[in-house]
Amino acid sequence: MAGELIQCGDHSWAPWSIVCTHLLRGTSKDWQPIPQEEGSEAENDWLCPECFTKHPDLPVEDLHAVCIHCVRKLRGEPA
């Protein structure tokens, strides 16, 4: 799903990933990547275990487009 740019208040224009609301709010800390097509160079989209079991039938209001730099920060990865 990633690949286009989203405007971020902290990082200007950047690529984005989809993140479920539970990960974004910190109510879950278990980041599970959504499997991508082989050979894809796009950033991962992320779901918590609860949302992962519902994929691909999650309500759209449980999904958020987030700048990849913010995703990395939320996940505790180096910048």
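From a predicted model like this one, the values you see are computed outputs, not experimental measurements. (Residues numbered from 1 in each chain as written. Predicted model: local features only at pLDDT ≥ 70, side-chain atom pairs only at ≥ 80, totals over all residues. Heavy atoms only, no water.)

Novice: Help me out: how do you make sense of the pairing of strand 1 (residues 5–8) in this one?
Specialist: A regular strand places its side chains so that they alternate between the two faces of the sheet. The pairing of strand 1 with strand 2 (residues 12–20) spans four bridges and is classified as antiparallel. The residue bridging C8 from the neighbouring strand is S12, located in strand 2. Linking two consecutive strands that pair antiparallel, namely strand 1 and strand 2, is a turn of three residues. (Pairing = 2+ DSSP bridges. Helix = DSSP H or I, 4+ residues; strand = E, 2+ residues; numbered from the N terminus.)

Novice: What am I meant to see in the pairing of strand 2 here?
Specialist: By the bridge criterion, five bridges tie strand 2 to strand 5 (residues 63–67) in an arrangement that is antiparallel. Within strand 5, the residue paired with C20 across the bridge is L63.

Novice: Just to check I follow, could you spell out the packing of aromatic side chains for this structure?
Specialist: Within a pair of aromatic rings, the relevant descriptors are the distance that separates the centres and the angle that separates the planes. Enumeration according to the criterion identifies one aromatic pair in this entry. The interplanar angle of 75 degrees and the centroid separation of 6.0 Å between the aromatic rings of W31 and W46 together place this pair among those described as edge-to-face. A residue pair is termed long-range when its members are at least 10 positions apart, and W31 in the loop between helix 1 (21–25) and strand 3 (32–33) and W46 in strand 4 (residues 46–47) qualify at 15 residues. Grouping residues by exposure puts W31 and W46 together as buried. (Phe/Tyr/Trp six-rings, centres within 6.5 Å; stacked < 30°, edge-to-face > 60°. Buried < 20%, exposed > 50% of the residue type's maximum accessible area, 1.4 Å probe, protein only.)

Novice: Would you explain the state of the cysteines in this entry?
Specialist: As enumerated under the stated definition, the model contains zero disulfides in all. Cysteine C8 remains unbridged, with the sulfur of C70 as its closest cysteine sulfur at 3.6 Å. Accessibility expressed as a relative area gives 12% for C8, which makes it buried. The thiol sulfur of C51 is not disulfide-bonded, and the nearest other cysteine sulfur, from C48, lies at 3.8 Å. Note on C51: relative accessible area 0%, which makes it buried. (Disulfide = S-S within 2.5 Å.)

Novice: I'm lost on the environment of G9 in this one. Help?
Specialist: Along the chain, G9 falls in the loop between strand 1 and strand 2. Residue classification places G9 among the exposed positions, given a relative accessible area of 83%. The spatial distance from the C-alpha of G9 to the C-alpha of L58 is 27 Å, given a sequence separation of 49 residues.

Purely geometric stuff here, so don't read any function into it on its own.
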